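An overview of the molecular structure
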Amino acid sequence: MPDVQDLLEPRGIELTATHKALGRTPAHALVLGVEKAAAQAAEKSSGATGRKDDGGGRVLLPAGEQRRLAPVLDAAAALRVKGSADEVTVLPAPSGLPFTVVVLTGLGVLPEDAAERAEALRRAVGAAVRRLAGTDSAVLALPVETEQDAAAVAEGAALGAFAFAHQRAATAGSVQAPLASAVVHAPGVARAALGRCLDRAAALGRGVRAARTLVDLSPNVMYPEAVAEYARRAARSTKVSVTVLAEKELAKGGYGGLLGVGQGSVHGPRLVKLEYAPARAARHYAYVGKGITFDSGGLSLKPPASMMTMKSDMAGAAAVLATVLTAAELELPVKVTGWLCLAENLPSSTATRPGDVITIRGGRTVEVLNTDAEGRLVLADGLVAACEEAPDAVVDIATLTGAQMVALGARTFGIMGDEALRTAVADAARGAGEDGWPMPLPEHLRPSLDSKVADLKNIGDKNGGMLVAGIFLREFVGGSDGARVPWAHVDIAGPSFNEGSPYGYTPAEGTGAGVRTLVRLLEDAVPDRR
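Quick look at the packing of aromatic side chains
Evaluation of the coordinates by the stated rule reveals one aromatic pair. It is R364 that lies over the ring of F476; its NZ or CZ is 5.9 Å from the centre. For the cation-ring pair, R411 lies above Y503, with the distance from its terminal atom to the ring centre recorded as 3.5 Å.

Section: unusual backbone geometry
Here the phi dihedral of S237 falls at roughly 65°; this positive angle occurs in a residue that is not glycine. Note that S237 resides in the loop between α6 (224–235) and β8 (240–245). Given the relative accessible area of 83%, S237 is considered exposed.

Describing the layout of surface pockets
Estimated volume of the largest pocket: approximately 990 Å³. Around the largest pocket sit 39 residues that line it, and K302, L400, T401, G402 and M405 are the ones nearest its centre. When residues of the lining of the largest pocket are traced back to their parent elements, those giving at least two are β10 (283–295), α9 (304–307), α11 (375–387), α12 (402–408), α14 (465–474) and β19 (497–498). For the lining of the largest pocket, the element with the most residues is α12, which contributes three residues. In terms of residue class, the lining of the largest pocket is made up of 14 nonpolar, 14 polar and 11 charged.

Remarks on the pattern of salt bridges
Evaluated as defined, the whole model comprises 32 salt bridges. Between R123 and D86 there is a salt bridge whose closest N-O contact spans 2.1 Å. Residue R123 is found in helix α3 (residues 114–131), and its partner D86 is found in the loop between α2 (70–78) and β4 (88–92); the two are separated by 37 residues along the sequence. Exposure remark for R123: the relative accessible area of 25% places this residue in the partly exposed category. With its nearest N and O atoms 2.8 Å apart, the salt bridge here joins E509 to K311. Here the residue E509 occupies a position in strand β20 (residues 509–510), and K311 occupies one in the loop between α9 and α10 (315–329), the gap between them amounting to 198 residues. On the basis of relative accessibility, which here comes to 14%, the residue K311 falls in the buried class. Through salt bridges that share partners, E119, R122, E155, R200 and E523 make up one connected network.

Definitions and cut-offs
- Residues numbered from 1 in each chain as written.
- Predicted model: local features only at pLDDT ≥ 70, side-chain atom pairs only at ≥ 80, totals over all residues.
- Heavy atoms only, no water.
- Phe/Tyr/Trp six-rings, centres within 6.5 Å; stacked < 30°, edge-to-face > 60°.
- Lys NZ or Arg CZ within 6 Å of the ring centre and 35° of its normal.
- Helix = DSSP H or I, 4+ residues; strand = E, 2+ residues; numbered from the N terminus.
- Buried < 20%, exposed > 50% of the residue type's maximum accessible area, 1.4 Å probe, protein only.
- 1 Å grid on protein atoms, 1.4 Å probe; cavity = no way out; pocket = protein on both sides within 12 Å on 5 of 7 lines; lining within 4 Å.
- Points joined across faces, edges and corners; volume = space filled by probe spheres on them.
- Nonpolar A, V, L, I, M, F, W, Y, C, P; charged D, E, K, R; others polar.
- Salt bridge = Lys/Arg side-chain N within 4 Å of Asp/Glu carboxyl O.

Right under this line is the structure:
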């Protein structure tokens, strides 16, 4: 495994803020936003000014900078810079300013809705920061009108400044280091508020980058025991305690889902419990993450092409690990327990067979008819264990079904579960800038999980596969005293791994999906902290 200390914090961007005029903050690049032309002639209340040409976008300038940046407006008009999302244009900086280049980054049409506006800013900054890889500094002078705007700009920088080069040797030099430092230009936002924004953005950035790195690492390096060791090392010098259950402890505790899925591999399964328990915690949330470090499908073997991205099948566990560490760093007054359900699903003479019956923790039996529907088996163990502690809410997150991508595409995750918590998770996703959509759990699908030889089977109706998987998981939610624990299930099968080109602040491969939503859910539980 690459050096763990190096993995713990991929070199992060340094974030600061300024109220000073642009000419008093030297940097390699000045980043400006360009709004797409669409009935946007009115001046913004912030005093931002600019010029637009027919067919071109509108460069948004900080108040008082019209004269010095006039050459930028002329160049943008000549190049017909449109301001579309992910459009980034680099120009030489005008003389007299302490910058080498000016970067124009597309905002699209800035929405009136505050959360949507924040995401437009976040994405535009992320695209610009990715373009500036290999350089040392930038001033981010986008249209910041509120503390929420400033936070979005800082987060966009923290999320966009990412590069993965841990497993390169001869070609390591071909990967440009992320932008080293960024200054958020926010003259209208109080300094104390800016400080909060920067601290939170830095912590979120570290968490998301860590989750991405765990997903990007190859499965011969990040097998269950290695992820557990990473968790131990990552939690050192933090207020997070770590407990790891290996095969003997899992057998003694009746964790048949983890054992059944992992028994085909030489790398045995692990259940990692992370606990952050601040004094006088207001609430207790439990997060359960699917951590299949590689999924071949087991004896129900996947087609070879479908295996090539299956190192990403542990993205749910990576998100939970990153979330608990981030909550501790932010000192949120919420107790958080994270459960990483780790196994490698491989075919061998010892692997679970279609038709085997396994016993989940708590005693319920499951007929395994498809060994490629393994994530729900390890999550079942984790959900039972989490609910035994009677948290105020339990949320599981998993790359669970291909049906999620069929239903919602590659960028929108599905949210299922109890209505109130499902709505809270969806609200948290929207507030965090992630795309999640509430989905139902229709009762008419439940009978398709009935088994003739066990309490239930691990597959049901082929139609609505994402929902059937959610209904399966619901069977394992409930406290030890019989009281039901509020529960939600988040399927991130598509959003967790970007097989295409980078966009906005999102890199290729691991995306860190879900971390910001899970952190925001904790913050929403104690709204006085926001």
